[in-house]
Amino acid sequence: MTFLLTITTAETHAAEGLAQAKADGLSRALQQLAAAASEITGQVPQAERDSWATKALAARGYLADAASADQLAMLQAEAAITGEAVADLAAAIVAMAESYADIAAQLAGLRRKTRAAIEVATTPAQVQAALVALDAALNTLGAG
């Protein structure tokens, strides 16, 4: 009969625990950030969200009296469905784009800050502290 004995030092065990805490912490942080972004965007399909930058550019062009024919056609098509004046639609698109850009920047900053804190953590408690800080920041997102 042969036995295989694996001996793990306390240091190795602690390092493995820290690595797992970091991986779990980063995953949890990304989930929290995705949930926060979803609360902001609502139930908007991804295909529509993908058009936001294009629509914002068209709306800014329209408001500056510099929209291309394609941009104008896009805005007119949406306005025809919603019953809005193109100018009102363009103003609403720009306002929403500016608001979303601010929130998106805050989310990106929080992601980078949290990732950095997790990467330099030397204990699972420090990883947890980074997640607590992220949660607190998300609770006040956009309040500044």
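Let us look at the structure shown here. (Residues numbered from 1 in each chain as written. Predicted model: local features only at pLDDT ≥ 70, side-chain atom pairs only at ≥ 80, totals over all residues. Heavy atoms only, no water.)

**What about the overall build of the protein?**
In terms of helices and strands, the protein carries 6 helices and 0 strands. Mapped in sequence order, the helices and strands of the protein form the string α-α-α-α-α-α. Each principal axis of the C-alpha atoms in the protein carries an extent, and together these give about 80 × 40 × 25 Å. Burial statistics for the protein: of 144 residues in total, 23% are counted as buried. Partitioning the intrachain contacts of the protein with sequence separation of at least 6 by distance along the chain shows that 68% fall at a separation of at least 24. Both charge centroids of the protein, one from 9 positive and one from 15 negative side chains, sit 8 Å from each other. (Helix = DSSP H or I, 4+ residues; strand = E, 2+ residues; numbered from the N terminus. Buried < 20%, exposed > 50% of the residue type's maximum accessible area, 1.4 Å probe, protein only. Contact = heavy atoms within 4.5 Å. Lys, Arg positive; Asp, Glu negative; His and termini not counted. Charge placed at Lys NZ, Arg CZ, Asp CG, Glu CD.)

**Notes on the pattern of salt bridges**
Applying the stated criterion to the full structure yields 2 salt bridges. Of the charged contacts, one joins E78 and K55 as a salt bridge, the two residues approaching to 2.8 Å between their closest N and O atoms. With E78 in helix α4 (residues 69–82) and K55 in helix α3 (residues 52–63), this pair connects stretches of sequence that are 23 residues apart. For K55, a relative accessible area of 11% corresponds to the buried category. The closest approach of N and O atoms between E98 and R60, which form a salt bridge, is 4.0 Å. Residue E98 is located in helix α5 (residues 86–120), and its partner R60 is located in helix α3; the two are separated by 38 residues in the primary sequence. According to the relative accessible area criterion, E98 is partly exposed, its value standing at 48%. When its relative accessible area of 40% is taken as the criterion, R60 is described as partly exposed. (Salt bridge = Lys/Arg side-chain N within 4 Å of Asp/Glu carboxyl O.)

**Some details on unusual backbone geometry**
The backbone of D65 shows a phi angle near 60°, a positive value even though the residue is not glycine. Following the sequence through the fold, D65 ends up in the loop between α3 and α4.

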